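Chain and residue survey
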Amino acid sequence: MTVWDDLVGQERVSEQLAAAARDADAFVTAAASDAPPPEASRMTHAWLFTGPPGAGRNQAARAFAAALQCVSPDRALGGAPGCGFCDGCHTALVGTHADVSTVAAVGAEILVKDMRDTVRKSFTAPANGRWQVILVEDAERLNEKSANAVLKAVEEPAPRTVWLLCAPSVEDVLPTIRSRCRHLVLSTPSVEAVADMLVRREGIEPDIAASVARATQGHVDRARRLATDPAARARRASVLKLPQRVEDVGGALRAAQELVDAAAEDAKQLAEEMDGKETEDLKTALGAGQGGRLPRGTAGVVKDLEDMQKRRRTRTQRDSLDVALADLTSFYRDVLALQLGSRIALANTDAEDALERLARSSTPESTLRRIEAIAACGEALDRNVAPLLAVEAMTMALRAG
């Protein structure tokens, strides 16, 4: 199993990254032996991975990071870097490699203070690995100050530093940053490719794999979660019942409240799993005494952690709502397909009776307005509108049609 095996339906991108990893390996090998570096190289210091949600942008970037850190002895015998088994590959893939730094948005934005240490590290030589790799998972969430910090680092990187930026589209990244990156575009994997991956890698029954791959329309992570997590399947089933519950004002408002409460519960569960341990680990590292009493001058560090945890809870709630909005959009897209007599395959075959009932009782124009209302809810959440207000406005619009 190589590091490229998790890139579902991205054969072209895998080939480009594998070729660059081979050239990067040749560069490091030449430097170690004082030989002249290769004249032509497909390796560069900054990469931008774009593609729709679920295409595997972060997975592609992490697989490339692993290939760059590969220390398999097979390389000396002509083997390609990225074996997937050596210590360099394994630690890079699981996120514990000392020379692979990952930055992800904890809240709505990546703040400059979140980037400061990482940018500083990017100017240093690799400590143990072959390259210093900086992976920014949510480059579209860089605010003005943090983006400028990244720009300065990308403009004049250290010789063995590689920046890997991930964003939904090239327009989501500052022109000054993207002009300095090699751009790779990932496409949405086919339903068949996702289903095949679930069967081979997760041991899912073929019928279930095909169903969840169709329901998520090629979103690899969501398909895997639906196939393996009963709670995720239960939440999706609840969301798909929402269009039938907005026939009156009271039902619409109750449905909105339950949707927001479910997202808040997701955030609460994550906080219970992570916040307490993080806080205790930090206090121990700071040398807290009996009763948890902190040394002088360290209260600010704990406050910073609490602020980060609060931003993470907000982000988790928003991510949960995003999944619900995607499921609703998929539902109404199926309704529209039935109304127009389209031959495209339905995504939500497990709700076919509800789809047909709504298709008969409404018009294509009203279905389009409902899809627009869901999109407007997502835009309102992007503008930090209170979740309940945004979702209530959406459910009332779904009722009106």
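Residues numbered from 1 in each chain as written. Predicted model: local features only at pLDDT ≥ 70, side-chain atom pairs only at ≥ 80, totals over all residues. Heavy atoms only, no water.

**Some points on the sheet that holds strand 5 (residues 182-185)**
The following threshold applies: Two strands are counted as paired when DSSP detects at least two bridges linking them. Note on conventions: DSSP H or I runs of at least 4 residues are helices, E runs of at least 2 residues are strands, and numbering of each starts at the N terminus. Only the stretch in contact is used when fitting a helix axis, every axis being a line fitted to C-alpha atoms; angles between N-to-C directions are given from 0 to 180 degrees.
An order of 2-3-4-1-5 is seen for the 5 strands of this open sheet, with the pairing classed as parallel. The sheet terminates laterally at strand 2 (100-103) and strand 5, the two strands that pair on one side only. Neighbour-to-neighbour, the strand axes of the sheet open up by a mean angle of 15°, direction not taken into account. As defined by bridge partners, strand 3 (residues 132-136) adjoins strand 4 (residues 161-167) across 5 bridges and the pair is classed as parallel. Across the sheet, residue Leu135 finds its bridge partner in strand 4, namely Leu164.

**Structural notes on helix 7 (residues 191-202)**
In plain terms, the rule: Here a helix's expected span is defined as the number of its residues, less one, multiplied by 1.5 Å. Burial status follows relative accessibility: with a 1.4 Å probe on protein chains alone, a residue under 20% of its type maximum counts as buried, one over 50% as exposed, and anything between as partly exposed. What the arc describes is the spread of directions from the helix axis to the C-beta atoms. The contact criterion used throughout is that any non-hydrogen atoms of two residues lie within 4.5 Å.
In a regular helix each residue adds 1.5 Å, so 12 residues correspond to 16 Å; helix 7 covers 16 Å between its end C-alpha atoms and thus fits that length. Regarding helix 7, the residues found buried are Val194, Ala195, Met197 and Leu198. Considered in projection along helix 7, the buried side chains sweep an arc of 155° and stay on one side of the axis. Within helix 7, the exposed residues directed more than 90 degrees away from the buried face are Glu192 and Arg200. Its buried side turned inward, helix 7 meets helix 8 (206-216) and helix 9 (220-228). Following helix 7 by one or two positions, Gly203 adopts a phi angle in the positive range, close to 70°.

**Examining the packing of helix 10 (residues 230-240) against helix 12 (residues 299-340)**
Definition in use: The scheme is simple: roughly parallel for angles under 35 degrees, roughly antiparallel for over 145, roughly perpendicular for 65 to 115, oblique for anything else. Left-handed is the label given to a crossing in which the near helix is rotated counterclockwise from the far helix by less than a right angle, and right-handed is the label when the rotation is clockwise. Under the convention adopted here, Pro, Cys and the residues Ala, Val, Leu, Ile, Met, Phe, Trp and Tyr are nonpolar, Asp, Glu, Lys and Arg are charged, and Gly plus all remaining residues are polar.
One can describe the packing of helix 10 onto helix 12 by two numbers: an axis separation of 9 Å at closest approach and a directional angle of 50°. Overall, the two elements helix 10 and helix 12 adopt an arrangement that is oblique. For the pair helix 10 and helix 12, the crossing hand works out as right-handed. Across from Arg236, Val239 and Leu240 in helix 10, the residues of helix 12 making contact are Ala324, Asp327, Leu328 and Phe331. Grouping the constituent residues of the contact of helix 10 with helix 12 by class yields 5 nonpolar, no polar and 2 charged.

**Some thoughts on the packing of aromatic side chains**
Two descriptors summarise a pair of aromatic rings, namely the distance from one centre to the other and the angle between the planes of the rings. Let me state the cut-off plainly: Centre distance within 6.5 Å is the pairing criterion for rings of Phe, Tyr and Trp, where only the six-membered ring of Trp is used; planes under 30 degrees apart are then read as stacked, over 60 as edge-to-face, and the remainder as tilted. Charge-over-ring placement is defined geometrically: NZ (Lys) or CZ (Arg) within 6 Å of the ring centre, and within 35 degrees of the ring normal.
According to the stated counting rule, one finds 3 aromatic pairs in the structure shown. Both rings, one in Phe331 and one in Tyr332, keep their centres 5.5 Å apart while their planes meet at 85°; by these two values the pair is edge-to-face. Comparing Phe331 with Tyr332 shows no difference in burial state: the two are buried. Looking at Arg182, its charged tip hangs above the ring of Trp47, at a distance of 5.2 Å from the centre.

**A word on the pattern of salt bridges**
Counted only if it meets this: Any Lys or Arg side-chain nitrogen found within 4 Å of a carboxyl oxygen on Asp or Glu counts as a salt bridge.
Taken as a whole and judged by the stated rule, the model has 17 salt bridges. In this structure, Asp25 and Arg130 form a salt bridge, with 2.4 Å as the shortest nitrogen-oxygen distance. Taken together, the residues Asp25 in helix 1 (residues 11-32) and Arg130 in the loop between helix 4 (112-122) and strand 3 connect sequence positions 105 residues apart. There is no split in this pair, since Asp25 and Arg130 are both buried. Residues participating in the shared-partner salt-bridge network are Asp25, Arg75 and Arg130.

**Here we look at a negative patch on the surface**
Note the cut-off: Patch membership needs two things, relative accessible area over 30% and no salt bridge, and members are linked within 9 Å if like-charged or within 5 Å if nonpolar (Val, Leu, Ile, Met, Phe, Trp, Tyr). For the accessible areas, the method is Shrake-Rupley and the probe is 1.4 Å, while residue cover comes only from the protein chains on display. As used throughout, the charge tally considers Lys and Arg to be positive and Asp and Glu to be negative, leaving His and the chain termini uncounted. Charged side chains are reduced to one point each, which is NZ for Lys, CZ for Arg, CG for Asp and CD for Glu.
On the surface, a cluster of negative charge is contributed by Asp261, Glu265, Glu272 and Glu273. Counting through the fold element by element, Asp261 comes out in helix 11 (residues 249-285). Of the residues examined, Asp261 reaches a relative accessible area of 40% and is grouped as partly exposed.

**Some remarks on unusual backbone geometry**
Among all residues save glycine, negative phi is the norm, and among peptide bonds the norm is trans. Here Gln217, not a glycine, exhibits a phi torsion of approximately 55°, which is positive. Structurally, Gln217 is set in the loop between helix 8 and helix 9. One non-glycine residue with positive phi stands out, namely Asn384, at about 65°. Following the sequence through the fold, Asn384 ends up in the loop between helix 14 (364-382) and helix 15 (387-400). The exposure class of Asn384 is exposed, given its relative accessible area of 62%.

**What about the nonpolar core?**
Going by this rule: Working definition of a nonpolar core: buried Ala, Val, Leu, Ile, Met, Phe, Trp, Tyr and Cys residues. They are joined through side-chain atoms within 4.5 Å.
In this structure, Trp4, Leu17, Trp47, Phe49, Phe64 and Leu164 are the most contacted members of the largest nonpolar core, which totals 36 residues. The set of elements that each furnish at least two residues to this core consists of helix 1, strand 1 (46-50), helix 2 (57-68), helix 3 (87-94), strand 3 and strand 4. For this core, the element with the most residues is helix 2, which contributes 8 residues. With 32 residues, the next largest nonpolar core counts Leu240, Val335, Ala380 and Met394 among its residues.

**Details of the pairing of strand 2**
Short version of the rule: Orient the strands so they point away from the viewer, and a crossover whose first-strand-to-second-strand path over the helix runs clockwise is right-handed.
Direction of pairing for strand 2 relative to strand 3: parallel, over a ladder of 4 bridges. Each residue of the ladder has a partner; that of Val103, found in strand 3, is Val136. With helix 4 bridging strand 2 and its parallel neighbour strand 3, the resulting β-α-β unit is right-handed.

**Quick word on helix 9**
Listing the buried residues of helix 9 in full gives Val220, Arg222, Ala223, Leu226 and Ala227. When helix 9 is viewed along its axis, its buried side chains cluster within an angular range of 165° and face the same direction.

**Description of the packing of helix 7 against helix 8**
The N-to-C vectors of helix 7 and helix 8 enclose an angle of 140°; their axes lie 8 Å apart at closest approach. With respect to helix 8, the element helix 7 is oriented oblique. For helix 7 against helix 8, the interelement crossing comes out right-handed. Contacts between helix 7 and helix 8 pair Val191, Val194, Ala195, Leu198 and Val199 from the former with Pro206, Ala209, Ala210, Val212, Ala213 and Arg214 from the latter. For the contact of helix 7 with helix 8, the residue count by class is 10 nonpolar, no polar and 1 charged.

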